[in-house]
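Architecture and fold: a report
Okay, here's what each chain looks like letter by letter:
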Amino acid sequence: MVIRSVVQGWGAYLPEKILTNDDLAKIVETSDEWIVERTGIRQRHIAADGEMTSDLATHATVQALARAGIDGAEIDIIVLGTATPDETFPATATRVQERIGAHTAFAFDVQAACSGFIYALALADNFLRLGQARTALVIGAETFSRILDWQDRTTCVLFGDGAGAVVLRAEEGTGANTDRGVLSTHLHSDGRQHDLLYADGGPSFNQMAGVVRMQGREVFRQAVIKLSAVVGEALVSNGFSVADVDWLVPHQANKRILDSTARKSGISLKKMVVTVDRHANTSAASIPLALSEAANDDRIKQGDLVVMEAMGAGFTWAAATLRW
Ligand code: UT7
């Protein structure tokens, strides 16, 4: 008997306000042409005043629960990946818990920066496969607009706000039934790379939230190396070849990183889900946002093999394989 975490529902939320590249060109010395050419980003969504990460997460969750056809009370575990929690503590996941009435669940946040969703998925999957929970809510939610230096053109043009969520249900089975669900997760980190990408604040450091600081060119270079390696690791560990992959759902940081990683991995660009042009980099939210979009428009169908990959501050990097 094998237990697998099968996706039952998915949801996404983007704040109403859209900030275009032309809008940004009024704030810092940049241009639509530069941003599109170097990143593929055309616009990003920005949370309204007072709209918090938990609000975005709750909107996405309500959709995911409806799609799964279950009530919040049926959720046993909530894992929320974020680097921009509402408060230093308690976990933003407990805010979502309260709002959806998941009162018997246990809820906590995971901090793995842009890899947060895959880390959260891996944790939830392990709880489900161990039999410690039956139904999990996995969320990636961020309000990066709150931790940007709006005078720094090398970072403020890159990020956006949003949230995505999936509901996983533990399913037992034999034979064909066991094929669906999370097949594997592969997590990595390297604390030696801290200085390349970090927020220059924190409760213990200077009692502030800080803003994003990044050495973009070096992060770019390392991202392509690490992401293609972890995609290879995910395929090899399952005995898959690139031909088996139906959809690559990458963390959406920069279209050039996405393309280079897919090419280096030998995966056709036609199999890649891209949202970075409209969402920019939403950190831990980018993968569940992309998954939701591609599942909603029937690109991702039941039985498809989906490979997810992400890399972010820490460094952290990760991949997951999932039979939809
Ligand atoms: O989720 C993981 C986190 N982050 C990432 O994955 C981001 C990784 N890095 C990147 O996406 C890219 O490195 C950037 C988009 C950040 C930068 O692109 P690049 O092609 O690596 O440009 P660069 O940093 O080498 O900068 C080239 C030039 C510089 O001018 P000089 O020194 O050549 O005169 C920058 O000052 O472009 C300048 N520049 C800009 N110009 C207009 C940097 N940002 C901007 C801007 N508008 N927004």
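Note that this is a predicted model, so its numbers are computed, not measured. (Residues numbered from 1 in each chain as written. Predicted model: local features only at pLDDT ≥ 70, side-chain atom pairs only at ≥ 80, totals over all residues. Heavy atoms only, no water.)

Here the focus is the site of the ligand. Close to the ligand lie 23 residues; Thr30, Arg38, Arg153, Arg217 and Asn254 are nearest. In this structure, a nitrogen atom belonging to the ligand sits 2.7 Å away from a side-chain N or O atom of threonine 30. One of the side-chain nitrogen or oxygen atoms of asparagine 281 is found 3.0 Å away from an oxygen atom of the ligand. Coverage of the ligand by the protein chains reaches 76% of its 940 Å² of free accessible surface. A total of 4 residues in the shell around the ligand trace back to one element, the largest contributor, which is helix H7 (residues 216-238). (Near = heavy atom within 4 Å. Polar contact = N/O pair within 3.5 Å; in protein donor to acceptor, adjacent residues only side chain to side chain. Areas by Shrake-Rupley, 256 points an atom, 1.4 Å probe, with all protein chains shown as cover. Helix = DSSP H or I, 4+ residues; strand = E, 2+ residues; numbered from the N terminus.)

The next subject is the sheet that holds strand E4 (residues 77-81). Spatially, the 5 strands line up as an open sheet ordered E1-E7-E6-E4-E5, and their pairing is mixed. Strands at the two margins of the open sheet, each flanked by one partner only, are strand E1 (2-13) and strand E5 (106-110). Across the sheet, the mean angle from the axis of one strand to that of its neighbour is 20°, orientation sign disregarded. In this structure, E1 lies alongside strand E7 (residues 161-173), joined through 11 bridges in antiparallel fashion. Residue pairing across strands places isoleucine 3 opposite glutamate 172, the latter belonging to E7. On top of the sheet, helix H3 (residues 53-68) reaches E1, E4, strand E6 (135-143) and E7; it is set at about 120° to E1, its chief contact. (Pairing = 2+ DSSP bridges. Axes fitted to C-alpha atoms, helices over the stretch in contact; angles between N-to-C directions. Contact = heavy atoms within 4.5 Å.)

The volume enclosed by the largest pocket comes to roughly 900 Å³. In terms of lining, the largest pocket is formed by 38 residues, of which the most central are Ala83, Thr84, Pro85, Gln111 and Ala209. Among the secondary structure elements, those contributing two or more residues to the lining of the largest pocket are E5 and strand E9 (197-199). For the lining of the largest pocket, the element with the most residues is E9, which contributes 3 residues. Residues that form the lining of the largest pocket fall into these classes: 21 nonpolar, 13 polar and 4 charged. Considering only enclosed or pocket space, the second largest pocket measures out at about 700 Å³ in volume. Taken together, 26 residues line the second largest pocket, and the ones lying closest to its centre are Leu158, Met214, Gly216, Arg217 and Asn254. Elements represented by at least two residues in the lining of the second largest pocket include exactly helix H2 (32-39), helix H6 (153-156), H7, helix H8 (255-265) and strand E12 (305-312). (1 Å grid on protein atoms, 1.4 Å probe; cavity = no way out; pocket = protein on both sides within 12 Å on 5 of 7 lines; lining within 4 Å. Points joined across faces, edges and corners; volume = space filled by probe spheres on them. Nonpolar A, V, L, I, M, F, W, Y, C, P; charged D, E, K, R; others polar.)

The subject of this paragraph is the domain arrangement of the protein chain. It is common to report an interface's size as the accessible area lost on association of the parts. When cut into domains, the protein chain gives domain 1 (2-173) and domain 2 (181-323). Computed over C-alpha atoms only, the centres of domain 1 and domain 2 are separated by 14 Å. Counting residues at the interface gives 52 residues for domain 1 and 48 residues for domain 2. In total, about 3700 Å² of surface goes out of reach between domain 1 and domain 2, with carbon and sulfur atoms giving 66% of it. (Domains from an automatic or database assignment. Buried area = accessible area lost by both parts, 1.4 Å probe.)

This part is about the pairing of E4. Most of E4 sits inside the fold, with 5 of its 5 residues counted as buried. Burial of E4 is two-sided: the residues Ile77, Val79 and Gly81 facing one way and the residues Ile78 and Leu80 facing the other way are all buried. Relative to E5, E4 is paired through 5 bridges, and the arrangement is parallel. Bridge assignment links isoleucine 77 to a residue of E5, and that residue is phenylalanine 106. (Buried < 20%, exposed > 50% of the residue type's maximum accessible area, 1.4 Å probe, protein only.)

On to the side chain of threonine 92, then. Along the chain, threonine 92 falls in helix H4 (residues 92-100). Apart from the residues within four sequence positions on either side, threonine 92 is in contact with Thr53, Ser54, Leu80, Pro85, Asp86 and Asp109.

With that settled, the discussion passes to the packing of H7 against H8. Where H7 meets H8, the closest approach of the two axes is 9 Å, and the angle between their N-to-C directions is 40°. Between H7 and H8, the crossing angle belongs to the class labelled oblique. Two packed elements cross with a definite hand, and for H7 against H8 that hand is right-handed. The segment H7 lies against H8, with Phe220, Ala223, Val224, Leu227, Ser228 and Val231 engaging Arg256, Ile257, Ser260, Thr261, Lys264 and Ser265. (Parallel < 35°, antiparallel > 145°, perpendicular 65-115°, else oblique. Left-handed = near helix turned anticlockwise from the far one by under 90°.)

The residue after phenylalanine 89, namely proline 90, is reached through a cis peptide bond having omega 0°. As for its position among the elements, proline 90 is in the loop between E4 and H4. The amide bond that connects glycine 314 to the next residue, phenylalanine 315, takes the cis arrangement and shows omega of -15°. Structurally, phenylalanine 315 is set in the loop between E12 and strand E13 (316-323). Of note in this structure, glutamine 207 is not a glycine but carries a positive phi near 60°. Inspection of the secondary structure assignment puts glutamine 207 in the loop between E9 and strand E10 (212-214). Phi at alanine 280 takes a positive value of approximately 60°, unusual for a residue other than glycine. The topology assignment puts alanine 280 in the loop between helix H9 (276-279) and helix H10 (286-296).

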